[in-house]
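Report on the structure
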Amino acid sequence: MTYEQMSDKITKLIDNAEEKMNELIEDYNENNKENTEVDTVDLSSKFSELQDYLEDYTSEFEQVEIQ
């Protein structure tokens, strides 16, 4: 697997999780009988942090020639 393939799979996974989480929270907010609401104002930024993780923590190893 290449870095690009892994990155694409992770991006799709995070996007899917964010979409489903938003849907679950929206459904809860519309249908709960507990008189509570979950605010999603900052939710997207949490997923953005996960998206940035790969770039922030990926390093390339130098090729060292042993003589």
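Description of the structure in this document. Worth saying up front: this structure is predicted, and the values here are computed from it rather than measured.

**A word on the side chain of Asn32**
Among the secondary structure elements, Asn32 is positioned in the loop between helix H1 (3–31) and helix H2 (43–56). Looking at Asn32, its side chain comes within polar contact range of the main-chain nitrogen of Glu34, at 2.9 Å.

**Regarding the environment of Glu55**
Topologically, Glu55 is positioned in helix H2. Glu55 gets classed as exposed once you look at its relative accessible area, which sits at 67%. With 12 residues separating them along the chain, Glu55 and Leu43 place their C-alpha atoms 20 Å apart.

**Focus on the packing of H1 against H2**
Interaxial distance between H1 and H2 falls to 10 Å at its minimum, and their mutual angle equals 170°. For the element pair H1 / H2, the angle class is roughly antiparallel. Touching Tyr3, Met6, Ser7, Ile10, Thr11, Ile14, Asp15, Ala17, Glu18, Met21, Asn22 and Ile25 of H1 are Leu43, Ser44, Phe47, Leu50, Gln51, Leu54 and Glu55, all from H2. Split into classes, the residues belonging to the contact of H1 with H2 amount to 11 nonpolar, five polar and three charged.

Calculation notes
Residues numbered from 1 in each chain as written. Predicted model: local features only at pLDDT ≥ 70, side-chain atom pairs only at ≥ 80, totals over all residues. Heavy atoms only, no water. Helix = DSSP H or I, 4+ residues; strand = E, 2+ residues; numbered from the N terminus. Polar contact = N/O pair within 3.5 Å; in protein donor to acceptor, adjacent residues only side chain to side chain. Buried < 20%, exposed > 50% of the residue type's maximum accessible area, 1.4 Å probe, protein only. Axes fitted to C-alpha atoms, helices over the stretch in contact; angles between N-to-C directions. Parallel < 35°, antiparallel > 145°, perpendicular 65-115°, else oblique. Contact = heavy atoms within 4.5 Å. Nonpolar A, V, L, I, M, F, W, Y, C, P; charged D, E, K, R; others polar.

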